[in-house]
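Structural description and commentary
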Amino acid sequence: MEQGQRWLTGGEIDGFLFDIYGVLYEMRGTEDVLIEGSVDAIRKLREAGVTFRFCTNTSTRSAEDMAVRLQGLGFDARPEELFTPIPLTLRYLKENNFRPFLIVDPGVRRVFDEFSMSDPNCVILGDAQDQYTYANLNHAFQILMNDQDSKLVTLGSGSYYKEVDGLKLDCGTFSAALEFASGIKAKVIGKPDQDFFLVPLEDMKIKPDKAIMVGDDIILDIQGGQSCGIRSVLVRTGKYRPQDETHPSIKPDGCVDNLLSLVNLFLKHKT
């Protein structure tokens, strides 16, 4: 067994939460690139009857579209097992009668069509890449400054993510800029907000201390999961960097080379 795998010895394991991007696959431009062994890892867990959910900050697709994408890569993925920030965001907008100004991927704008967008009183930031223009960010800033009761909502708070050709700024970076300029604190829907971990656990009927979170982000996945009492394991794929393993304040409950390594360790320990 690899050293320092206290996630295996910390008590019973009833289920898993998996990040998707950087754990199952990465991107090279517009091309999806599988991470070695990830399809086999999910297959092995299915065959063993192990419960799991996918928990991702990705906001470029609905759960249904994401399931289709994963299925196309060879994963046995089901929409009801995928948890993204979009459904929680829609509920939040409805409950508060918000009129959103959107900086999101064009592919998901349609899910917000039910909301009035005239005279917006809320700014929504998601995975948007080229939509983060000066004009859009400045308009968002003006909305926040013109009404101090307006809300800033970010779908996850990551500072960056990794594609095959390098690191990319994430929506949390732009949210931080708007927070600084407007003085308005953003509401985070997605990791590392605790509710985003607890909702899929409730769906599995699993307590936090009997679950394992697996991800490539030391802040969002590892610190976020541990803040809920979930043992959290860092994979050495995706945006992982060697210095993550010696972070001054965040100590993963284990580090593994990839998802397949984790699954093999778990299944061996289980028997």
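Structure shown above.
For clarity, every value in this text was computed on a predicted model and none was experimentally measured. (Residues numbered from 1 in each chain as written. Predicted model: local features only at pLDDT ≥ 70, side-chain atom pairs only at ≥ 80, totals over all residues. Heavy atoms only, no water.)

**Details of the layout of surface pockets**
Put simply, the largest pocket is a space of about 670 Å³. Lining the largest pocket are 36 residues, and of these Tyr21, Thr58, Thr60, Asp127 and Tyr161 sit closest to its centre. Breaking the lining of the largest pocket down by element, the ones donating at least two residues are β2 (25-28), α3 (63-72), β9 (160-163) and α8 (218-226). Considering each element in turn, the lining of the largest pocket owes the most residues, 4 residues, to β9. Residue composition of the lining of the largest pocket, by class: 11 nonpolar, 11 polar and 14 charged. (1 Å grid on protein atoms, 1.4 Å probe; cavity = no way out; pocket = protein on both sides within 12 Å on 5 of 7 lines; lining within 4 Å. Points joined across faces, edges and corners; volume = space filled by probe spheres on them. Helix = DSSP H or I, 4+ residues; strand = E, 2+ residues; numbered from the N terminus. Nonpolar A, V, L, I, M, F, W, Y, C, P; charged D, E, K, R; others polar.)

**With respect to the nonpolar core**
Judged by nonpolar contacts, the single largest core of 38 residues is most densely connected at Trp7, Phe16, Leu24 and Leu259. Not counting residues up to four positions away in its chain, the partners in contact with Trp7 are Ile13, Phe16, Ile212, Arg231, Val233, Asp253, Gly254, Leu262, Leu265 and Phe266. One finds Leu144, Leu152, Cys171 and Ile184 within the second-largest nonpolar core, a separate group that totals 16 residues. (Core = buried A, V, L, I, M, F, W, Y, C linked by side-chain atoms within 4.5 Å. Buried < 20%, exposed > 50% of the residue type's maximum accessible area, 1.4 Å probe, protein only. Contact = heavy atoms within 4.5 Å.)

**Concerning the pattern of salt bridges**
As a working rule, side chains carrying opposite charge can pair if their charged atoms are close by. In this structure the tally under the stated criterion is 20 salt bridges. Glu114 serves as the salt-bridge partner of Lys94, at 3.6 Å between the closest nitrogen and oxygen. Taken together, the positions of Lys94 in helix α4 (residues 85-96) and Glu114 in the loop between β6 (100-103) and β7 (122-125) put the pair 20 residues apart, joining distant regions of the chain. We classify Glu114 as exposed; its relative accessible area is 52%. (Salt bridge = Lys/Arg side-chain N within 4 Å of Asp/Glu carboxyl O.)

**Some words on helix α9 (residues 259-270)**
Between its first and last C-alpha, α9 extends 16 Å over 12 residues, near the 16 Å set by a 1.5 Å rise per residue. Inspection of α9 places Leu259, Leu260, Ser261, Leu262, Val263, Leu265, Phe266 and Leu267 among the buried residues, and these make up the whole buried set. Buried positions along α9 lie against α1 (6-9), β1 (15-18), α2 (38-48), β12 (211-215), β13 (231-235) and β14 (254-256). For α9, the N-terminal cap is Asn258; the gap from its side-chain oxygen to the backbone nitrogen of Leu260 is 3.2 Å. (Expected span 1.5 Å × (residues − 1). Polar contact = N/O pair within 3.5 Å; in protein donor to acceptor, adjacent residues only side chain to side chain.)

**Observations concerning the packing of aromatic side chains**
Counted under the stated rule, the structure contains 9 aromatic pairs. Seen in terms of ring centroids, Phe16 and Phe18 are 5.6 Å apart; in terms of plane orientation they differ by 15 degrees. Their pairing is stacked. Phe16 sits in the buried class, given a relative accessible area of 0%. Phe18 sits in the buried class, given a relative accessible area of 0%. When the centroid spacing of 6.4 Å and the interplanar angle of 45 degrees are considered together, the rings of Phe18 and Phe54 count as tilted. Pair noted here: Phe18 is in strand β1 and Phe54 is in strand β4 (residues 51-55), with a separation of 36 residues, a long-range link. The same class applies to Phe18 as to Phe54, namely buried. Put simply, the rings of Phe16, Phe18, Phe52, Phe54 and Phe266 pair up and form one aromatic cluster. Its guanidinium or amino end placed over the ring of Tyr160, Lys239 lies 4.0 Å from that ring's centre, counting from NZ or CZ. (Phe/Tyr/Trp six-rings, centres within 6.5 Å; stacked < 30°, edge-to-face > 60°. Lys NZ or Arg CZ within 6 Å of the ring centre and 35° of its normal.)

**Structural notes on the sheet that holds strand β8 (residues 151-154)**
Taking strand neighbours across the sheet as the criterion, the 4 strands line up as β6-β7-β8-β11 in an open arrangement whose pairing is parallel. Unpaired on one side and paired on the other, β6 and β11 (187-188) mark the two borders of the sheet. The sheet contact formed by β8 and β11 spans 2 bridges and is parallel. Within β11, the residue paired with Thr154 across the bridge is Val188. Relative to β6, helix α5 (residues 134-146) is tilted by about 155 degrees, and along the sheet it contacts β6, β7 and β8. (Pairing = 2+ DSSP bridges. Axes fitted to C-alpha atoms, helices over the stretch in contact; angles between N-to-C directions.)

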